[in-house]
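# Remarks on the overall topology
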Amino acid sequence: MTIRNTITFASIPTDKGLKAALEKEPKSVINDVIESGLRGCGGAGFPTGIKWKFAAKAEGAQKTVICNADEGEPGTFKDRVILAEWPDLVFEGMTIAAYAIGASSGIVYLRAEYAYMRKMLEECLEKRRQAGMLGAKIAGKEDFSFDIHIHMGSGAYVCGEESALIESLEGKRGEPRNRPPFPVEIGYENAPTIVNNVESLAWVSAIFANGSKWFKGAGTKESPGYKLMSISGDVKLPGVYEFPFGTTLSTILEAAGGEDAKAVAVGGASGTLVPPNNFACKICFEDVPTGGSIIVFGKNRNLLDVAENFQEFFADESCGQCTICRLGNVKLLEGIRLMKQGQCTDQHLEDLCSLGASMQIASKCGLGQTSPNVFLSVVKHFRDEIPRHPVAENDDQKTEKAKSSNLFQSVVQLFRTDADTAKNNSGTNKKGVSA
Amino acid sequence: MFTHSPKQQRSASSPDTFEVLDEASASLRDEIDELIEIHGENRNALIPVLQEIRSRHAFVNSFAMQYVADRLGVSAAEVYGVISFYSFLKESNYGKFAISLCRTISCDMADKARIAKCLQEKLGVKFGETTPDGMFSLNWTNCIGMCDQGPALLVNEQVFTHVTPKKIKEILDGCRKTYQENEKGVS
Amino acid sequence: MSGKTKTATKTAKTEMITITIDGKEITVPRGTTILEAARQNNVHIPTLCHHEDLTPFGGCRLCIVEVEGQRVPVSSCTFPVTAPVNVESTSDRIRRSRRHTVELLLSEHCGDCYSCLRNGNCELQTLAQECGVRDYPFGHPTEKTCSLDLSGTSLVRDMDKCIQCGRCIRTCEELQGIGRFKFSGRGYNKTVSTYLDRGLAEVACINCGQCITRCPTGALTERDDTPEIWAAIEDPEKHVVIQTAPSPRVAIGEEFGLEAGNAMTWQLNTALRRCGFDKVFDTNFSADLTIIEEGTELITRLYKALVEKDATVALPQFTSCCPGWVKFMEHEHPDMLPHLSTAKSPQQMFGSVIKTWYADLNGIKPENIVSVSLMPCTAKKFECSRPEMTDSGHKDVDYSVTTREIARMIKQAGMNLPELAPSEFDDPFGTATGSGIIFGATGGVMEAALRSVIEFVTGLKVEDLYEHADIIPVRGFEGCRYAEIKIPETVGPVPELIQHLVPNWDWLKGQTVKVGIAHGIDNARKIIKDIAAGGKFSECHFIEIMACPGGCLSGGGMPIPTTQEIREARAKAIYEEDKQYGETGRARKSHENPAIAKIYKEFLTEGPCGHKSHDLLHVEYTQRGKFMTDATTGGEDVKNGKDKTK
């Protein structure tokens, strides 16, 4: 069973929130969301109400509400559970958003990997239309019409970034746009657009059902309310949990049965690797933020393997438009492989850490800015994991060898296509599939 | 009057006709026309149209790319650029059943390697390849959101979790059976 | 790249905002990018993917700056000024990340600077210097991993040198509306590619070379024909002649360190002779010839359509002297090919004449003549290698070389062009006219044609209608231009030269000639769309199209870089030279060129558009279409793109 503890959404009656919201003026709907303190649940944590306020203010006839169901962060699956269990809450949230900002069309950008849910979601939408909760004159409101359609993703992690998602909806390569202008001003088809995470939209429905004070009453000052966590890895009870923001990592680990972890990746591949001496940290935007991914690594895991897996992920999933992310991730990956062989000199490691720091500030979007996080965490907190080898006299030679284009080639080779990857993995590369 | 009458309006965007269009391409052309009818003759329709061609024909061939490009007013290079960007559009080795095994961390820790080995042995192909009968193709995929139930894989759109070697046999048999039933249904 | 929305805001453009960059107060209109603001005030911010002709991309991340209130640095090329903020163009972390970016670029740039055509004029070299690169912490490949794309006659693509700034993509898409390049793949597999990574010859590239002049490195270059030309010069059997087009002459000085806009016409003659060319001719001769042939063709078409009411005549007539434009039409609008003038371009007319009339006059066997043309253009290389361009019985023009190639030859011969003494062109084509010169600027062909047509029809002097014979309405840099020329009520006699084609001009009395002009294929597309929709351009009689923005003066074979400022300086030099022709008593109208009178008297005796000129000076076009079938593409030798993507 995926759901592990009591989740608020289960107790929210369908359409209670929507009906409550539709009784208010759009302005006060936005105020309620601002009041609740809800922050985007996709990871970045931008205040949802403020986003709506900007979009409501922006001029444009064809405003759009987009539900970001491109849940691609490794270790995150709470959106899948929400969509499977409580799709009405998500669509309600979209409808409330549309009412608040004056949008008439909504799009669910559903990741290709979740295509099996499409039919069920379409049916749910149809049911809502028949119930008068979607389509023309929603809930009998003369001047409010809004409909939702589902757009399938095609397999690209970066499309979880809102402007890349919009590019993708417009039939382009999912490359993040330059900001400003932000989507709330110029988004889908150049009109004001809000892009909200699945979970954020579901919370919106819950907030209107239970009141914004209820939501604000939980959590911390900067991170009010509750958060769903997807917990996986070396735990006894993996699955989706709900906790109020500010819950300590150790509490969460205890609940899931992963207390003796060696490290925990909070926030997935783009998050940070928390060492045991910091398990007392709180999960919230003031301390350790997350979009909902908690991956637990047990005592016997090699963290360089973990870092390698993550870095492979980024080297593949970077959209490639900015230099530092496209090539930086390849260099970090090469570095990890050198480390595993005990061939990464201190100097080179220092260069890579410095490169990682540059990636964090110079990349165009969140993907690039967060992609070196795990690498840097490993070096910072788990330096002992990096094998030490005698590097005395032929240090320079080794570095040269390490830096040579041959190595670059080998990395590139490994990634050429999946076919080649497989070939390399099963053949020349020692790590890979079969290990 | 010192004016010449402009010739009949010609559509600046009307596609050239292929000199010789084989039967397959002609039917593909009709199909694309139909899809564009449904999704609209604009840029936003590009990915839905490509997805549909993909799911019907396993891959988007050169004719389809150019024809779609022409109909939607973008360059062929652009269509190629879009296709090569998305994991689920770019693979050109799709069999009737496309098996995509998740390689991301949680499935990795759940011993995806064992499943990968088993799949390769059972199918006799490596990752990135398709079985000679065109039935199965084998690919890696990044996180599919089944991290709590790894190792996980997709067969076309269907997801399988907690995959074990025993389960693989069931999955493959199930696919073959589905195929045979479909074939019977057709004939 | 419409998705990369322009950052300039649409409203309140006039609102002024004062920001501080590095402590200096700068006041700019709202919506100006930080980069623009900095550049206008001499604050240098390094850039790579930025080019002033193109939409900001924000991909290279070199121009990042610290902006007050922003968590991380922002790319200054895309960040608009909307509030009075404090900007720091540099900081420790910015300098470091810029260096990292260049180091990363070098880690995949297989650069052998010494043998690169861009050595000394490479933006990556400059950036490595500026950003303080001192070693290669992330490697620097020395072995090539990609094969050169040598499939085309005009362009060479070396993906080992590509640093993925995307300038070629935006050039081809935004300026030319063609889109032969696009990013493909993702992450480490991302690369700049053509459709299916095919060679440029296989993807309906029009060879305009605009991508070359905006490429920061040597990834895109012209096909270098200079070794073959040196070899011909060294061959005692060969009589090597060169014709020089007007545009290269006003730009080649830039290759020798001169400011843009310094014409080197007469010094160039000296240099070419010293390089070993046997004769140096002026392409303006055949530009004049083109005007006569193309103008006559237009008059004939108009007469047939308007007087004889022949409905099959295609109007408007399009110019055909731009090979990029011609190839574009063959690919994208094959149904409209009848609108193209059948007159060959000046380069090809000259080629035919040299290997026939000139060869006869001088008793030289045409097979021993090596005919070279100096052009501002890379598409001319393709044009001269078209199989149909052999009407003389030989390849009419053997080698078409760009301004950059000739500059290299002159340097190789140890000369500093600006220091050379001026000298004249060689006879019998020596005396060209100002009309030929202005072919180099957008609107120039139209102006030249109008100068002749007006005098042919009215019997008046153009100067009587336009001051200094400058037909200002057709000049300028606006993308699509439309102009009307009113014919007076009194017309003159039909000149002898074309008496066999039209009996009189009565049918033109008091009429309005409507003309259109466009430069850049994206603008040409607009005109074609307008014609299809029955807009005002559909009523035009004659339309001039040049594939390159600005016309030949910013052709793909011209010195690098190109900017609007440089284009304007070159245009000024071209019109200046035309003016000087008037002041020095040289002819300024094509039909006044004595060599033209001579060739129609002695050689093309049936007159313009007569049988012989039809054979030698006119051509038919090929319906190429835009679809590329697998059968027509993909020879084994055509490999392209980074091998890693294969």
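Residues numbered from 1 in each chain as written. Chains lettered and ligands numbered in written order. Predicted model: local features only at pLDDT ≥ 70, side-chain atom pairs only at ≥ 80, totals over all residues.

### Remarks on the overall build of chain B
Operational definition: Secondary structure counts use DSSP, requiring at least four H or I residues in a row for a helix and at least two E residues in a row for a strand, with both numbered from the N terminus. For the exposure call, what matters is how many other C-beta atoms sit within 10 Å of a residue's own: 20 or more marks it buried, 12 or fewer exposed, and in between partly exposed, using C-beta atoms placed from the backbone. A residue pair is marked as a contact if its C-beta atoms, positioned from the backbone, fall within 7 Å.
Looking only at helices and strands, chain B features eight helices and five strands. Secondary structure elements of chain B, listed N to C terminal, follow the sequence α-α-α-α-α-β-α-α-β-β-β-β-α. Taken across its 187 residues, chain B has 46% of its residues classed as buried. Pairs at least 24 apart in sequence give 57% of the contacts found in chain B among residues at least 6 apart.

### Details of the domain arrangement of chain C
Residues and elements named next belong to chain C. What counts, and what does not: Throughout the structure description, domain borders are defined by an automatic or database domain assignment. Note on residue classes: Ala, Val, Leu, Ile, Met, Phe, Trp, Tyr, Cys and Pro are nonpolar, Asp, Glu, Lys and Arg are charged, and everything else, Gly too, is polar.
Looking at chain C, the domain boundaries give domain 1 (16–90), domain 2 (102–223), domain 3 (229–285 + 347–419) and domain 4 (296–344 + 436–564 + 574–617). Each of domain 3 and domain 4 has a C-alpha centre, and the two are 25 Å apart. Counting from both sides, the interface comprises 30 residues of domain 3 and, opposite them, 25 residues of domain 4. Contributing elements (two or more residues each) for the side of domain 3 that touches domain 4: helix 7 (246–251), helix 9 (284–307), helix 11 (346–362), helix 12 (379–384) and helix 13 (403–412). For the side of domain 3 that touches domain 4, the residue count by class is 13 nonpolar, 11 polar and six charged.

### Some remarks on the sheet that holds strand 4 (residues 74–75) of chain C
All names here are of chain C. Basically, it comes down to this: At least two bridges found by DSSP between two strands are what make those strands a pair.
In spatial order, the strands read 2-1-5-3-4; together these five strands make up an open sheet with mixed pairing. The open sheet terminates on both sides in strands that have one partner only, identified here as strand 2 (24–29) and strand 4. As judged from the two bridges shared by strand 3 (residues 64–67) and strand 4, these two strands associate in the antiparallel manner. From the neighbouring strand, Ile 64 faces strand 4, where its bridge partner is Ser 75.

### A closer look at the packing of helix 12 (residues 323–340) of chain A against helix 13 (residues 346–362) of chain A
Residue and element names in this part refer to chain A. So the rule is basically this: To get an axis, a line is fitted to the C-alpha atoms, and for a helix only the part in contact is used. The angle between two axes follows their N-to-C directions and goes from 0 to 180 degrees. Should an angle lie under 35 degrees it is considered roughly parallel, over 145 roughly antiparallel, and from 65 to 115 roughly perpendicular; all remaining angles are considered oblique. Two helices that cross are described as forming a left-handed crossing if the nearer one is turned anticlockwise from the farther one by less than a right angle, and a right-handed crossing if clockwise.
Two numbers describe how helix 12 lies on helix 13: the axes approach to 10 Å, and their chain directions differ by 150°. Judged by the angle between their axes, helix 12 and helix 13 are roughly antiparallel. Relative to helix 13, the crossing made by helix 12 is left-handed. When helix 12 is examined against helix 13, the residues Ile 324, Cys 325, Gly 328, Lys 331, Leu 332 and Gly 335 are found in contact with a partner set consisting of His 348, Leu 352, Leu 355, Gly 356, Ser 358, Met 359 and Ala 362. For the contact of helix 12 with helix 13, a count of residues per class yields seven nonpolar, five polar and one charged.

### A closer look at the pairing of strand 7 (residues 263–266) of chain A
Residues in a regular strand project their side chains so that they alternate between the two faces of the sheet. Residues and elements named next belong to chain A. Judged by which residues are buried, strand 7 turns out to be covered on both faces: Ala 263 and Ala 265 on one side and Val 264 and Val 266 on the other are all buried. Sheet analysis places strand 7 next to strand 8 (residues 272–274), joined by three bridges and oriented antiparallel. Its bridge partner being in strand 8, Val 264 is matched across the sheet by Val 274. Joining the antiparallel neighbours strand 7 and strand 8 is a turn of five residues, in which Gly 267 adopts a positive phi near 100°.

### A short note on the pairing of strand 17 (residues 542–546) of chain C
Residues and elements named next belong to chain C. Applied cut-off: Crossover handedness is defined by viewing with both strands directed away from the observer: a clockwise path from the first strand over the helix to the second marks the crossover as right-handed.
Counted residue by residue, strand 17 has five buried out of five residues, so it is predominantly covered. For strand 12 (residues 317–318) and strand 17, the ladder comprises two bridges, and the chain directions are parallel. Opposite Gln 317, over in strand 17, you have Phe 542 as the bridge partner. Here strand 16 (residues 512–519) pairs with strand 17 via five bridges, running parallel. Opposite His 519, over in strand 17, you have Met 546 as the bridge partner. Note that the unit made of strand 16, helix 17 (residues 521–532) and strand 17 has a crossover that is right-handed.

### Some remarks on the nonpolar core
Threshold: As used throughout, a nonpolar core is a set of buried Ala, Val, Leu, Ile, Met, Phe, Trp, Tyr and Cys residues joined through C-beta atoms within 7 Å of each other.
Within the largest apolar cluster, 361 residues are counted, with the highest numbers of intra-cluster contacts made by A:Val90, A:Ala97, A:Ala202, A:Val264, B:Val68 and C:Ala547. Apart from residues no more than four positions distant in its own chain, A:Ala97 is found in contact with A:Trp52, A:Val65, A:Ile194, A:Asn196, A:Leu201 and A:Val204.

### A few points about unusual backbone geometry
A cis amide bond links A:Arg179 with the next residue in sequence, A:Pro180, at an omega value of -5°. With respect to the secondary-structure elements, A:Pro180 resides in the loop between helix 7 (162–169) and strand 4 (193–197). In this chain, C:Leu315 is followed by C:Pro316 through a cis amide linkage whose omega measures -5°. For A:Asn190, which is not glycine, the phi torsion reads 60° and is therefore positive. Tracing the backbone shows A:Asn190 in the loop between helix 7 and strand 4. Exposure remark for A:Asn190: the 16 C-beta atoms within 10 Å place this residue in the partly exposed category. The phi angle at C:Arg61 is positive, at roughly 65°, despite the residue not being glycine. By secondary structure assignment, the location of C:Arg61 is in the loop between helix 1 (34–40) and strand 3. Residue classification places C:Arg61 among the buried positions, given that 28 C-beta atoms sit within 10 Å.

### Considerations on the interface of chain A and chain B
Contact residues are listed per partner, giving 49 residues for chain A and 39 residues for chain B. Counting residues per element, the ones that place at least two in the side of chain A that touches chain B are helix 7, strand 5 (226–233), helix 11 (303–317) and helix 18 (418–426) of chain A. Here the element with the most residues in the side of chain A that touches chain B is helix 18 of chain A; it accounts for seven residues. Of the residues belonging to the side of chain A that touches chain B, the class tally is 19 nonpolar, 18 polar and 12 charged.

### Regarding the sheet that holds strand 4 (residues 153–155) of chain B
All names here are of chain B. In space, the five strands of this open sheet follow the order 2-3-1-4-5, with mixed pairing throughout. A single partner strand is all that each edge strand has here, and the edge strands are strand 2 (129–130) and strand 5 (158–160). Both strand 1 (residues 97–102) and strand 3 (residues 136–141) contribute to a ladder of six bridges, which runs parallel. Bridge pairing links Ala 98 to Ser 137 in strand 3. Against the sheet, helix 7 (residues 112–123) engages strand 1 and strand 3, with an angle of about 155° to strand 1.

### Some details on helix 15 (residues 373–381) of chain A
Where helix 15 of chain A is concerned, the buried positions are A:Asn373, A:Val374, A:Phe375, A:Ser377, A:Val378 and A:Val379. Looking at the packing, one finds that the buried side of helix 15 of chain A touches strand 7, strand 8, helix 11, helix 12, helix 13 and helix 14 (366–370) of chain A.

### Focus on the confidence of the model for chain C
Residues and elements named next belong to chain C. Applied cut-off: Each residue carries a pLDDT value, the predictor's own confidence for that position, ranging from 0 to 100.
Averaged over chain C, the pLDDT score is 91; the fraction of residues at 70 or greater is 95%. Low pLDDT, under 50, characterises residues 1–10; the stretch is placed with 29 contacts to residues that sit more than four places away or in other chains. Confidence over residues 631–646 falls short of pLDDT 50; this stretch has 37 contacts with residues more than four positions distant or in other chains. Interface predicted TM-score (ipTM) for the complex: 0.90; the corresponding pTM is 0.91.

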